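Overview (structure and organization)
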Amino acid sequence: MTLVEGDLQITFNNPLNARRFDDPRAHGLSHCMRAVDFIVEMQRHYQFIELKDPRNPQTSVPSLQRFMDEFKSGVLDESLKYKFRDTFLYEWASGKATKPIDYFVIITGIPKPLLLQRHTELRRKLPRLGPKGQRWRRPLVRRVGVFNIQTWNLSFPNTPIIRLSSQSSV
């Protein structure tokens, strides 16, 4: 199954279900809840996937600069945290969050050392296991990962991401 977000295409290998979630028609609460781009149901887990594409050829220089300022300052981390939390809450209230959840963020054009910083910060902002001494019965999120296209494709070779505009000129 293939899903597209802007100039990026991601192909999933045998999901039970894959859907765009960041769309007002998908959940109807965009006025009060943030949403990840895609929710993918696999056999034993869900994947919440957020794509950020500041390196899209259509991105203007001011938009790219604004994104990089938010990225470096940690404002983006806050946004990503709430996208996960609101999506989780929506799915939980709908009775759909019944399997472990992996939260993956793909940010194009960011070097690996900066991705690792964002990964560490996002993991810190999502209380995976609950407070110390009072662990939750199940984790809020099983795995958290922040990738660029290259690190994603290395980590998940059976779920490739491609840039559509570079494919059309080949």
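Keep in mind that this is a model prediction, so the values were computed, not measured. (Residues numbered from 1 in each chain as written. Predicted model: local features only at pLDDT ≥ 70, side-chain atom pairs only at ≥ 80, totals over all residues. Heavy atoms only, no water.)

1. Description of the packing of aromatic side chains
As enumerated under the stated definition, the model contains 11 aromatic pairs in all. Plain terms: the ring middles of Phe-67 and Phe-71 are 6.3 Å apart, the flat faces sit at 25° to each other, and that makes the pair stacked. Placement of both Phe-67 and Phe-71 in helix H2 (residues 61-73) is noted, with a separation of 4 residues, approximately one turn of the helix. Using a relative accessible area of 12% as the deciding quantity, one classes Phe-67 as buried. You can call Phe-71 buried: its relative accessible area is 1%. For the ring pair Phe-104 and Trp-152, a centre distance of 5.6 Å and an interplane angle of 75° mean the geometry is edge-to-face. One end of the pair, Phe-104, is in strand S6 (residues 101-107); the other, Trp-152, is in helix H5 (residues 149-155), with 48 residues separating them in the sequence. Ring pairing ties together the aromatic residues Phe-48, Phe-84, Phe-88 and Tyr-103, which thus form one cluster. One cation-aromatic arrangement involves Lys-99 over Tyr-46; the distance from NZ or CZ to the ring centre is 5.6 Å. (Phe/Tyr/Trp six-rings, centres within 6.5 Å; stacked < 30°, edge-to-face > 60°. Helix = DSSP H or I, 4+ residues; strand = E, 2+ residues; numbered from the N terminus. Buried < 20%, exposed > 50% of the residue type's maximum accessible area, 1.4 Å probe, protein only. Lys NZ or Arg CZ within 6 Å of the ring centre and 35° of its normal.)

2. Points about the pattern of salt bridges
A complete count under the given rule lists 15 salt bridges for this structure. For the salt bridge of Asp-102 with Arg-142, the shortest nitrogen-to-oxygen distance reads 2.8 Å. Within this pair, whereas Asp-102 is found in strand S6, its partner Arg-142 is found in the loop between helix H4 (112-125) and strand S7 (143-147), the two being separated by 40 residues in sequence. With relative accessibility at 31%, the residue Arg-142 sits in the partly exposed group. Salt-bridge contacts for Glu-121 lead to Arg-124; the nearest nitrogen and oxygen are separated by 2.6 Å. Placement of the pair is Glu-121 and Arg-124 together in helix H4, with a separation of 3 residues, close to one helical turn. (Salt bridge = Lys/Arg side-chain N within 4 Å of Asp/Glu carboxyl O.)

3. Focus: the sheet that holds strand S1 (residues 2-5)
The sheet built from 3 strands is open, its strands ordered S1-S2-S8 with antiparallel pairing. The outermost strands of the open sheet, each flanked by one partner alone, are S1 and strand S8 (161-163). With direction set aside, neighbouring strand axes in the sheet form an average angle of 25°. Looking at chain direction, strand S2 (residues 8-11) and S8 are connected through 3 bridges and run antiparallel. (Pairing = 2+ DSSP bridges. Axes fitted to C-alpha atoms, helices over the stretch in contact; angles between N-to-C directions.)

4. Focus on unusual backbone geometry
For Asn-14, which is not glycine, the phi dihedral falls at a positive 60°. Position of Asn-14 relative to the elements: it lies in the loop between S2 and strand S3 (17-20). Judged by its relative accessible area of 64%, Asn-14 falls in the exposed class.

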